[in-house]
Amino acid sequence: MVHGNSQNRFYLLSVNRELRTVNEGFSMENLIWLVPTFPLAGFLVNIFLGRRLARLWVSWVACGAMGISFGVSLGLFFHLINLAPHLRHLEQELFTWIRIADFKAAAGFLLDPLSAVMILVVTGVGFLIHVYSIGYMGEDRDFARFFAYLNLFAFFMLLLVLANNYLLLFVGWEGVGLCSYLLIGFWFERPAAASAAQKAFVVNRVGDAGFLLGLFLIWTTFGTLQYGEVFHQAEGLHGVLTAPAGGGLSVVTWITLALFIGAIGKSAQLPLYVWLPDAMEGPTPVSALIHAATMVTAGIYMVARSSPLYTLAPFSLAVVAWVGALTAIFAATIACVQNDIKRVIAYSTISQLGYMFLGVGVGAFASGIFHLYTHAAFKALLFLGAGAVIHALHHEQDIQRMGGLRPHMRVTAYTFAVGALANAGIFPFAGFWSKDEILFAAFNGGFYVLWFLGLAGAFLTGFYMARLYFLTFEGEYRGDPHHAHDIHDAPPTMGIPLIVLAVCSVVAGFVGIPPEQGPFHQFLAPVLHHGGAAQAAAHGLAVPMAVLSLLVAGAGIGVGYLFYVSVSWRNVPEIWAARLQGLYRVVYHKYYVDEFYQDWVVGPLDRLAFFLWRGFDVAVVDGAVNGVARLMEMGSWGLRRIQTGVVFNYVLSILVGVVIFLGYLVWGR
Amino acid sequence: MVPLWAYLLLSGFLFIVGVVGVATRRNALIIFMSIELMLNAVNLTFVAFSRFLHSLDGHVFVFFVMTVAAAEVVVGLAIIIALFRNMETVNVDEIHLLKG
């Protein structure tokens, strides 16, 4: 084995680490396990006792669990801040989970700047969304089940980001997938919700297959799945890892590509993004928590976590960047023509996730995580705002049937505007800092095509966000006149999270000032290989670039304003849609990707499954079993003739037998 | 002295009577008695051979056969009584629950 030597050294290292942990006794790192434990406890209480508890108690348990978890996360975060940068790496091994031959997997947690940021996002946004759900799900009869699932999701998500090895990360990875399935299909009486849940689950399995292959490759290459050991060995084995292995690509390239396939599935990138828009069948808080703020960003987290491996594989990074950039612009074009308020935001999410991958793909890992963090705030805000609108309009989701809502629901309208501006990347909202940084990193790294794609995407982002806001909140009310008089703003449980998230969407970006050098980046620098100060080369261009992307996004918003608010341009969208009818129809039908999958993937699989059912299972497998039974039946039918029930026959046969036997004894021999 | 063949002839006759009884009669009690007749025919053979061969082995066998026959009578009569209680008949042709 190539890694024998370093493995021994590592064994010693990990022994030392264990000793140190034991010696320290009680310390902050022994509290890491508390973070995921509270949501788990909340889940257990609500799933088993929730039906008997009053709604107030159910919501207190669920929100309390998340609140405490957030508190512990904050405590851990400040503890981490107080340590010297190179000591910000707390590892806690709970127990050895699996030990088979030389395979060992421990259930252990790792708290470092990266996972600290993630747990703050998960518990913070998660807590707000839990509170919001009290109002949004208030009338649902499965109130307790909903909160139980939300808590379970939080548990698995925290497991995912806190794991100190790839296997435990995979447990969380699959767990959040399960919760996503359960929550998309929360209203499983509706066929659309049930099939959307299945679609999400199945499409994610495709990605997970790649992820598993990545895990196997890591295991065979490094002999361990522990982050620390893998990354340390990766430095030592530089030459071995980057030498061409199979298909002209190096081992580390194969590993990172396989892992990235998992990220494509989980984070809804081309070509596996199709499940995310359908996932909007779930309750809106679910869309905000799972399908915008946290779960779908797991792929970005995983790639950033594996940055020591990705930096050894330039080809994989290029793939990541290209997939991200293409997804960003592809989803943005679809978002421009959709009419379902949640689907517009869903495509926007796909597009923003593409930006994050673009960021990590061009090596700016910290910028990708920065965008992840700001996006969690403003996209959750947008979804919750959309939820408040849907709630007020009695489950109307078509933005063509909205309009003029601002006077009726001011809190929602203004917070939604903040979220939309942040998403469009307008100064000084959070999205500006992070998105601009990604675009600048792409430009600075010499990826001009990717940069241009991102910039075009920024224009589209401004346009579809403006379109969404103006069609929903401005102009005339176009919906059901019966509901016109009772449109009301969100109750406090829903309004307060909106306001908090709106404030976050304004200020969250400030920790990233100055760009690529901000406190956020310096905090992450020890973990991420191309951390903070990686690309300080062409800083003279930073301000002009920022102004340019600002102008582009502003232009998008301006076009949106002209199209959907300005009276003199009132008919322009229809005219354009008619003039570019072919293009419009293709984009409106989401490039027919779903139809393509239906015809070329799902259909053939269906037919194959039908053949295997009728042609193989029924005919061959069942046929063999039934044939044996038929043979036995025929044989016993013959033998049954002998058993006449007439004693005389039996006696006669005994006599004949005796005579034959005696005859044999006397004359036979 | 009565020769051996006379015993064997009687024994064979009794045995055939038993066999024919079992084969032809329909009354379970008669069949049962016919079986006893066959057993006793064999017993007669044992005793006759024992007498003529000056060996006590035959006697020992006879005691065993008689013991087994007694036990068999107990069980067999019990079965027949149980049958009669359930089926109201001891005619073996009417007792064909196990007929295939």
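None of the values given here were measured: they were computed from a predicted structure.

### Structural notes on the overall build of chain A
When helices and strands are counted, chain A shows 27 helices and four strands. The dimensions of chain A, computed from C-alpha atoms along their principal axes, are 120 × 70 × 55 Å. Across the 669 residues that make up chain A, the buried fraction comes to 55%. For chain A, contacts bridging at least 24 residues in sequence account for 79% of all contacts bridging at least 6. Accessible surface for chain A amounts to roughly 28100 Å². Of this, 70% is attributable to carbon and sulfur atoms. Each charge class in chain A can be summarised by its mean position, and for the 35 positive and 36 negative side chains these summaries are 6 Å apart.

### Observations regarding the overall build of chain B
Of regular secondary structure, chain B possesses three helices and zero strands. The globule rule puts the C-alpha radius of gyration for 100 residues at 13 Å, and the 17 Å found for chain B is more than 25% above it. Taking the principal axes of its C-alpha atoms as reference, chain B extends roughly 50 × 25 × 25 Å. The burial tally for chain B puts 26% of its 100 residues in the buried class. Here the analysis covers contacts within chain B between residues at least 6 apart in sequence; of these, 59% occur between residues at least 24 apart. Accessible surface, chain B as shown: approximately 6800 Å² in total, 76% of it carbon and sulfur. Averaging the positions of the 5 positive and the 6 negative side-chain charges in chain B gives two centres separated by 4 Å.

### Some thoughts on the confidence of the model for chain A
In this model, chain A carries an average pLDDT of 85, and 93% of its residues clear a pLDDT of 70 or more. Across residues 531–535 of chain A the pLDDT falls below 50, and counting only partners more than four positions away or on other chains, this stretch makes twelve contacts in the model.

### Comments concerning the packing of helix α2 (residues 34–49) of chain A against helix α5 (residues 143–162) of chain A
Residue and element names in this part refer to chain A. The N-to-C vectors of α2 and α5 enclose an angle of 155°; their axes lie 8 Å apart at closest approach. Accordingly, the angle class assigned to the pair α2 and α5 is roughly antiparallel. In this structure, α2 meets α5 at a crossing whose hand is left-handed. Contact residues: V35, P36, P39, L40, G42, F43, N46 and I47 in α2; A144, F147, A148, Y149, N151, L152, A154, F155, L158 and L162 in α5. Taken together, the residues that form the contact of α2 with α5 break down as 15 nonpolar, three polar and no charged.

### Some details on the pairing of strand β2 (residues 103–111) of chain A
Among the nine residues of β2 of chain A, eight are classified as buried, and the element is accordingly described as predominantly covered. What sits between strand β1 (residues 90–100) of chain A and β2 of chain A in their antiparallel hairpin is a turn of two residues, with A101 of chain A showing a positive phi close to 50°.

### Remarks on the nonpolar core
By size, the foremost hydrophobic cluster in this structure holds 214 residues, and its most contacted members are L309 and I369 of chain A. Apart from the residues lying within four places of it in its own chain, the contact partners of I369 of chain A are L114, V117, I300, Y301, A304, F520, L524 and L528 of chain A. One finds V651 of chain A together with V19, A23 and F32 of chain B within the second-largest nonpolar core, a separate group that totals eleven residues.

### A closer look at the domain arrangement of chain A
Its domain assignment divides chain A into domain 1 (360–367 + 379–588) and domain 2 (592–667). Computed from C-alpha coordinates alone, the two centres of domain 1 of chain A and domain 2 of chain A are separated by 68 Å.

### Describing the interface of chain B and chain A
Contact residues are listed per partner, giving twelve residues for chain B and nine residues for chain A. Along the contact surface separating chain B from chain A lie zero residue pairs in polar contact (both at pLDDT 80 or more). Looking at the side of chain B that touches chain A, its residues break down into six nonpolar, three polar and three charged.

### Thoughts on the pattern of salt bridges
Residues and elements named next belong to chain A. Per the stated rule, a full pass over the model turns up 13 salt bridges over all chains. With a shortest N-O distance of 2.9 Å, E281 and R190 are connected by a salt bridge. Residue E281 is located in the loop between α11 (275–278) and α12 (284–293), and its partner R190 is located in the loop between α6 (166–184) and α7 (191–222); the two are separated by 91 residues in the primary sequence. Between E474 and R406 there is a salt bridge; the shortest N-O distance is 2.7 Å. Linking E474 in the loop between α20 (448–473) and α21 (492–507) with R406 in the loop between α17 (365–392) and α18 (410–424), this pair joins segments that are 68 residues apart in sequence. Note on R406: relative accessible area 27%, which makes it partly exposed.

### Quick word on the confidence of the model for chain B
Detailed reading of the predicted coordinates is not advisable wherever pLDDT is low. Averaged over every residue, the pLDDT of chain B is 89; residues scoring 70 or more account for 97%. Listed scores for the predicted complex are pTM 0.78 and ipTM 0.71.

### Quick notes on unusual backbone geometry
All names here are of chain A. L270 connects to P271 through a cis peptide bond whose omega is -5°. Summarising the element assignment, P271 is placed in the loop between α10 (251–266) and α11. With an omega of 0°, the peptide bond between F427 and P428 qualifies as cis. Along the chain, P428 turns up in the loop between α18 and α19 (430–444).

### A few points about the packing of α17 of chain A against α19 of chain A
Two quantities define a packed helix pair, namely the angle between the helix axes and the distance between the axes. Residue and element names in this part refer to chain A. The geometry of α17 relative to α19 is characterised by a closest axis approach of 9 Å and an angle of 155° between their N-to-C directions. Looking at the two axes, α17 sits roughly antiparallel to α19. As α17 runs across α19, the sense of the crossing is left-handed. The residues of α19 that touch α17, namely those facing S367, G368, F370, H371, T374 and F378, are A430, G431, W433, S434, K435, E437 and I438. Classifying every residue of the contact of α17 with α19 gives five nonpolar, six polar and two charged.

### A short note on the environment of V586 of chain A
Residues and elements named next belong to chain A. Its location among the elements puts V586 in helix α25 (residues 581–588). Taking the C-alpha atoms as reference, V586 lies 9.4 Å from I334; in sequence the two are 252 residues apart. Every residue in contact with V586, bar those within four places of it in the chain, is listed here: Y591 and Y592.

### Structural notes on the packing of aromatic side chains
Residue and element names in this part refer to chain A. The full count for this structure, using the stated rule, is 38 aromatic pairs over all chains. Ring centres of F260 and F357 lie 5.4 Å apart, and the angle between their planes is 80°; on these two criteria the pair is classed as edge-to-face. Of this pair, F260 sits in helix α10 while F357 sits in helix α16 (residues 341–361), and the two are 97 residues apart along the sequence. We note that F260, like F357, is buried. With a centroid separation of 5.0 Å and an interplanar angle of 40°, the aromatic rings of F370 and F520 are classed as tilted. Residue F370 is found in helix α17, and its partner F520 is found in helix α22 (residues 519–524); the two are separated by 150 residues along the sequence. Judged by its relative accessible area of 0%, F370 is buried. A relative accessible area of 7% means that F520 is categorised as buried. A connected cluster of aromatic rings, assembled from ring pairs, spans F143, F146, F147, F186 and W187.

Cut-offs applied
- Residues numbered from 1 in each chain as written.
- Chains lettered and ligands numbered in written order.
- Predicted model: local features only at pLDDT ≥ 70, side-chain atom pairs only at ≥ 80, totals over all residues.
- Heavy atoms only, no water.
- Helix = DSSP H or I, 4+ residues; strand = E, 2+ residues; numbered from the N terminus.
- Buried < 20%, exposed > 50% of the residue type's maximum accessible area, 1.4 Å probe, protein only.
- Contact = heavy atoms within 4.5 Å.
- Areas by Shrake-Rupley, 256 points an atom, 1.4 Å probe, with all protein chains shown as cover.
- Lys, Arg positive; Asp, Glu negative; His and termini not counted.
- Charge placed at Lys NZ, Arg CZ, Asp CG, Glu CD.
- Rg over C-alpha atoms; globule rule 2.2 N^0.38 Å.
- pLDDT = per-residue confidence, 0-100.
- Axes fitted to C-alpha atoms, helices over the stretch in contact; angles between N-to-C directions.
- Parallel < 35°, antiparallel > 145°, perpendicular 65-115°, else oblique.
- Left-handed = near helix turned anticlockwise from the far one by under 90°.
- Nonpolar A, V, L, I, M, F, W, Y, C, P; charged D, E, K, R; others polar.
- Pairing = 2+ DSSP bridges.
- Core = buried A, V, L, I, M, F, W, Y, C linked by side-chain atoms within 4.5 Å.
- Domains from an automatic or database assignment.
- Polar contact = N/O pair within 3.5 Å; in protein donor to acceptor, adjacent residues only side chain to side chain.
- Salt bridge = Lys/Arg side-chain N within 4 Å of Asp/Glu carboxyl O.
- Phe/Tyr/Trp six-rings, centres within 6.5 Å; stacked < 30°, edge-to-face > 60°.

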